[in-house]
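Inside the fold
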Amino acid sequence: EITKEQQALMKIITDAYNRHQIPQDVAKKLLQDQYSAEENFLLLTEMATSQVQVLVEFTKNIPGFLSLDREDQIALLKGSAVEAMFLRSAQVFNRKTPSGHTEVLEERIRKSGISEEFITPMFNFYKSIGELHMVQEEQALLTTVTILTPDRPYVKDQQAVERLQETILDVLRKLCVLQHPQEPQYFARLLGRLTELRTLSHYHTEMLASWRMNDHKFTPLLCEIWDVQ
Ligand SMILES: O=C(O)c1ccc2nc(N3C[C@H]4CCC[C@@H](C3)[C@@H]4OCc3c(-c4c(Cl)cccc4Cl)noc3C3CC3)sc2c1
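Structure report, in brief. (Residues numbered from 1 in each chain as written. Predicted model: local features only at pLDDT ≥ 70, side-chain atom pairs only at ≥ 80, totals over all residues. Heavy atoms only, no water.)

Some thoughts on helix α6 (residues 116–130)
Applicable threshold: Think of it this way: any DSSP run of H or I at least four residues long counts as a helix, any run of E at least two long counts as a strand, and we number them from the N terminus. Take the number of residues in a helix, subtract one, and multiply by 1.5 Å to get its expected span. The classification of residues rests on relative accessible area computed with a 1.4 Å probe and restricted to protein chains. Under 20% of the type maximum is buried, over 50% is exposed, and intermediate values are partly exposed. Two residues qualify as a contact provided that any one of their heavy atoms is within 4.5 Å of a heavy atom in the partner residue.
For α6, with 15 residues, the first-to-last C-alpha span of 21 Å sits near the 21 Å given by 1.5 Å per residue. Of all the positions in α6, only Phe-118, Ile-119, Pro-121, Met-122, Phe-123, Phe-125, Tyr-126, Ser-128, Ile-129 and Gly-130 are classed as buried. Against the buried residues of α6 lie α4 (70–93), α5 (101–110) and α9 (186–213).

Laid out in structure tokens, this is it:
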């Protein structure tokens with residue numbers, strides 16, 4: 001039911017998704033021993049910066065993305081970065097063999113000056129993603145669907161983005177039927193997570209504002225992608 005070219009498309013995207021990861025020496029920094037709120041924030045800033053770089057590289061491998069209008073490419077990246085990073089980091093929290101980073105990452109996030117009202121929905125999301133037991137192809141395609149959301153702010157040619165997104169949604173829908181035959185609603189559940197991601201993205205804007213109120217500094221790349229400072 002999945003055509004040859006859909007198989008090829010899925011392979012390109014999944015291979016790119018697996019190839020572009022945070023370098024292990026950066027991830028390892030989570031394990032170093034300072035645990036002050038300041039130290040945690042600095043570490044999380046460094047990791048977010050590294051993850052944005054990884055995200056930009058991954059996006060270049062989405063077939064058709066580089067053919068979009070240049071400014072639209074930027075608008076899609078800016079509009080989806082937080083959501084894509086939530087999806088990517090959900091993997092860390094839901095790994096079968098916890099890489100030891102899981103606990104320390106949670107610890108550092110909980111103690112980095114983020115208010116409880118954002119921590120709760122954040123970890124509920126991580127849990128709800130875990131319950132889906134997505135295969136890596138589903139994770140890669142779902143992240144791609146999130147990046148190719150046509151109605152992000154400042155996107156001019158929404159039709160062009162919609163065409164790309166629909167191509168990916170078609171493959172994802174078929175893959176869900178194949179991977180979860182006992183659960184016909186699985187694809188709908190996956191798309192429901194995208195709604196949850198939009199809510200988290202709004203919380204994230206408030207998280208940034210409260211960090212800034214406490215005079216926290218971000219890196220130039222984070223300032224650019226999140227329009228802060
Ligand atoms: O492959 C691994 O082993 C591995 C291990 C740890 C790890 N941590 C990663 N993070 C840590 C952090 C949480 C997930 C997204 C970002 C990357 C990073 O974001 C921190 C962050 C966030 C953020 C948080 Cl706290 C949660 C979810 C998403 C984001 Cl963008 N917002 O602002 C910030 C910076 C403080 C400015 S990727 C990763 C991979």
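Some words on the layout of surface pockets
Applied cut-off: Cavities and pockets are defined on a 1 Å grid built over the protein atoms alone: a cavity is a set of grid points where a 1.4 Å probe fits but cannot escape, while a pocket is an open set with protein on both sides within 12 Å along at least five of seven lines, and lining residues are those with an atom within 4 Å of any such point. Grid points are joined across faces, edges and corners, and a volume is the space filled by probe spheres set on the points. Side-chain classes follow a simple rule in which Ala, Val, Leu, Ile, Met, Phe, Trp, Tyr, Cys and Pro form the nonpolar group, Asp, Glu, Lys and Arg form the charged group, and the remainder, Gly included, forms the polar group.
Here the largest pocket is characterised by a volume of approximately 700 Å³. Secondary-structure elements contributing two or more residues to the lining of the largest pocket are α2 (24–27), α3 (37–60), α4, α5, α6, α9 and α10 (220–226). The computed volume of the second largest pocket comes to approximately 560 Å³. Residue lining of the second largest pocket: 23 residues in total, with Lys-78, Gly-79, Pro-153, Ser-201 and Thr-205 positioned closest to the centre. With eight residues, the top contributor of residues to the lining of the second largest pocket is α9. Considering only residue class, the lining of the second largest pocket consists of 10 nonpolar, six polar and seven charged.

Regarding the packing of helix α7 (residues 136–147) against helix α8 (residues 158–179)
What counts here: A fitted line through C-alpha atoms serves as each axis, taken over the contacting stretch for helices, and the angle formed by two N-to-C directions is quoted from 0 to 180°. With respect to orientation, any angle under 35 degrees is reported as roughly parallel, any angle over 145 as roughly antiparallel, any angle of 65 to 115 as roughly perpendicular, and every other angle as oblique. Less than a right angle of anticlockwise turn of the near helix away from the far helix marks a crossing as left-handed, whereas a clockwise turn marks it as right-handed.
Between α7 and α8, the shortest axis-to-axis distance is 10 Å and the interhelical angle comes to 155 degrees. Viewed along their axes, α7 and α8 adopt a mutual orientation that is roughly antiparallel. Regarding α7 and α8, the two cross each other, and that crossing is left-handed. In this structure, α7 contributes Glu-137, Glu-138, Leu-141, Leu-142, Thr-144 and Val-145 to the contact, and α8 contributes Gln-165, Ile-168, Leu-169, Val-171, Leu-172, Leu-175, Cys-176 and Gln-179. Its residues assigned to classes, the contact of α7 with α8 comprises nine nonpolar, three polar and two charged.

Observations concerning the pattern of salt bridges
Applicable threshold: Salt-bridge detection follows one rule: a side-chain nitrogen of Lys or Arg within 4 Å of a carboxyl oxygen of Asp or Glu.
According to the stated counting rule, one finds 15 salt bridges in the structure shown. The partner of Glu-46 in a salt bridge is Lys-29, and the shortest N-O contact between them spans 2.5 Å. Of this pair, Glu-46 sits in helix α3 while Lys-29 sits in the loop between α2 and α3, and the two are 17 residues apart along the sequence. The exposure class assigned to Lys-29 is partly exposed, which follows from its relative accessible area of 31%. Of the charged contacts, one joins Lys-217 and Asp-215 as a salt bridge, the two residues approaching to 3.2 Å between their closest N and O atoms. Judged by relative accessible area, which is 52%, Lys-217 ranks as exposed. On the accessibility criterion, Asp-215 (58% relative accessible area) is exposed.

Coordinates in, geometry out; function isn't part of it.
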